[in-house]
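# A structural walkthrough
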Amino acid sequence: MTTASARRNTAAPARTWWWGFIPFAAMSVVHVAARLVEADDVAAPTKLVLMPLLAAAAVWVLRRNTWTAPGLLLVGALFFSWIGDGAGAFFPQAPELPIMLGAFGIAHLCYIWLLWKYATPGPFPRWALVFPLWWVLMLVTLWPSLGGLAIAVALYGIVLGGTAATAARCNPVIAAGGVLFLASDTVLAFRIFMPEVMPGWTSALVMLTYCAGQGLIAAGFLRGRPSRDQ
């Protein structure tokens, strides 16, 4: 192989790394639109395709490095997010919310480990102090409505805020993804525990911020890796 050929083979993934995200982005648009118009027959199945498509995008970028520690952590985070997304469909006889909290809790632990160790993070920015404050305000507001799930929700809030705070140490794309993921679960929490204060269109808002958050975390992490990982 000539030097020029080697250079082309190395550079090509850097130019095409984002191609794998096109199916995920397109399905996200379809799903959010279905939520907005309350087309449940479209929203339900498309929700279960979102994380597999995002995982496929990650594999497209990582190629053989999918089986390294960072690749497995990213795919693991997306896998457990998928379990959380489909908790009701996958485990119809079990209580849905505890399974969701557990699956997404594991996903967030994967993200925290991934971003802390492999995303070349810097120091915590001062604005990240908003995340502990968010956790306290959420618990104070929702506590009367949480019932037997109060401790589980409090623990989940720690790992959710942990992902957002760890993302804040990384590049701006990852940081934005962490904030959007947190925003999605914040709106969802109010929809679950205080539905009387949430209009119907917030269902679409939950999924818009969720898809954008997951996509930005994955893309922000993967963007700097293609040329050196291929």
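All residue numbers here refer to positions counted from 1 along the written sequence of the relevant chain. Given that the model is predicted, a residue must reach a pLDDT of at least 70 before its local features are reported, and side-chain atom pairs must reach 80 or more before they are shown or counted; all residues, however, enter totals for whole chains, interfaces and linings. Excluding hydrogens and water, the side-chain values take into account all heavy atoms of the structure.

### Focus: the state of the cysteines
The condition that has to hold: Throughout, a disulfide means two cysteine sulfur atoms within 2.5 Å of one another.
Here the structure, examined in full by the defined rule, presents zero disulfides. In this structure Cys 211 is not part of a disulfide, and its nearest cysteine sulfur, from Cys 110, lies 19 Å away.

### Digging into the packing of aromatic side chains
Quick note on the threshold: Ring pairs shown here join Phe, Tyr and Trp side chains whose ring centres sit within 6.5 Å, with only the six-membered ring taken for Trp; geometry is labelled stacked below 30 degrees between planes, edge-to-face above 60, and tilted in between. Under the scheme used here, helices are H or I runs from DSSP no shorter than 4 residues and strands are E runs no shorter than 2 residues, and both carry numbers assigned from the N terminus. Partly exposed residues are those whose accessible area sits between 20% and 50% of the maximum for their type, while under 20% is buried and over 50% is exposed, using a 1.4 Å probe and protein chains only. Whether a charge sits over a ring comes down to the Lys NZ or Arg CZ being within 6 Å of the ring centre and within 35 degrees of the ring normal.
For the structure on display, the rule yields ten aromatic pairs. Seen in terms of ring centroids, Phe 79 and Trp 82 are 6.0 Å apart; in terms of plane orientation they differ by 50°. Their pairing is tilted. Highlighted residues: Phe 79 and Trp 82, both in helix H4 (residues 69-85), separated by three residues, approximately one helical turn. On the accessibility criterion, Trp 82 (25% relative accessible area) is partly exposed. Summarising the aromatic geometry, the rings of Trp 116 and Phe 124 are spaced 6.1 Å apart at their centres and angled 50° between planes, so their arrangement reads as tilted. For Trp 116, a relative accessible area of 46% gives the class partly exposed. Through pairs of rings, three or more aromatic residues link up here, namely Phe 79, Phe 80, Trp 82 and Phe 90. Just above the ring of Trp 60 sits the side chain of Arg 63; from NZ or CZ to the centre is 4.1 Å. The ring centre of Phe 124 lies 4.9 Å from the NZ or CZ of Arg 169, which sits over that ring.

### Looking at the environment of Gly 148
Relative to the assigned elements, Gly 148 resides in the loop between helix H7 (130-146) and helix H8 (150-168). Judged by its relative accessible area of 83%, Gly 148 falls in the exposed class. In sequence terms Gly 148 and Ala 25 are 123 residues apart; their C-alpha atoms lie 37 Å from each other.

Without other data, these values stay purely geometric and don't point to any function.
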